[in-house]
Amino acid sequence: MSIIGNVITAVVALLGVVIGGWLTVRNQERSWQREHSRQWRDIRLAAYNEFLAACRQYIAFTLEPTAKITAVPHPREPGQMMPFFDEAGRPYKEKLESAFTAVRLVSELPDTVRTVVTVVNRARQIAAARATHSEADLPSEPFKVLWSAEQEFLIAARLELGLSAMPRTPGN
């Protein structure tokens, strides 16, 4: 019986080592997944923040009295105008385009990408309108449409980042 007892003891000890190793690997895998998710959330948050800042700077530039913007018909979208900036405005356009590409690169959900495309298109429409209007004469409707599109982007981004629904502000 001592041989059987020794065998059972060895098997139980070996089983304990195997189960302990499996639990350790499983916990390490979960920890790695949580850290990976945190890193991607931080990357996305930075990209979204950079995009919103670039968009606001782009719009602010279009409202400058000295902004020189021209617009031509869009070659692939009938009825849409494409804005072009002089050398003073080109950095704002490039920053917006770069931030736009970064968001498209790091976004995981199609809704986030769809909403960021809408925001950029609405910002471009304001710039195109600025080509034919002074900053004081720009119609307010394109701004309302832009802020609505930005709100939709914020909702999609918060969902993707795993945040709760946006708090309502008075008037919304």
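You'll find the structure just up there.
Residues numbered from 1 in each chain as written. Predicted model: local features only at pLDDT ≥ 70, side-chain atom pairs only at ≥ 80, totals over all residues. Heavy atoms only, no water.

Student: Would you mind going over the overall build of the protein with me for this structure?
Tutor: Secondary structure summary: the protein contains four helices and two strands in total. Going from N to C terminus, the protein has its helices and strands arranged as α-β-β-α-α-α. Relative to the compact-globule value of 16 Å for 172 residues, the protein shows a C-alpha radius of gyration of 27 Å, a clear excess of over 25%. With respect to the principal axes defined by its C-alpha atoms, the protein has extents near 100 × 40 × 30 Å. Counting across all 172 residues of the protein, residues that qualify as buried make up 26%. The long-range share in the protein, meaning contacts at least 24 apart out of those at least 6 apart in sequence, stands at 68%. (Helix = DSSP H or I, 4+ residues; strand = E, 2+ residues; numbered from the N terminus. Rg over C-alpha atoms; globule rule 2.2 N^0.38 Å. Buried < 20%, exposed > 50% of the residue type's maximum accessible area, 1.4 Å probe, protein only. Contact = heavy atoms within 4.5 Å.)

Student: Got a minute to help me understand the packing of aromatic side chains in this structure?
Tutor: The final tally for this structure, using the stated rule, is six aromatic pairs. Measuring from ring centre to ring centre gives 6.5 Å for Phe 143 and Trp 147, while their planes differ by 40°; the resulting arrangement is tilted. Of this pair, Phe 143 and Trp 147 both sit in helix 4 (residues 141-160), four residues apart, which is roughly one turn of the helix. Residue class for Trp 147 comes out partly exposed when judged on its relative accessible area of 34%. Here a set of aromatic residues connected by ring pairs shows up, and it is made of Tyr 58, Phe 61, Phe 85 and Tyr 92. The side chain of Arg 104 reaches across the aromatic face of Phe 100, ending 4.8 Å from its centre. (Phe/Tyr/Trp six-rings, centres within 6.5 Å; stacked < 30°, edge-to-face > 60°. Lys NZ or Arg CZ within 6 Å of the ring centre and 35° of its normal.)

Coordinates in, geometry out; function isn't part of it.
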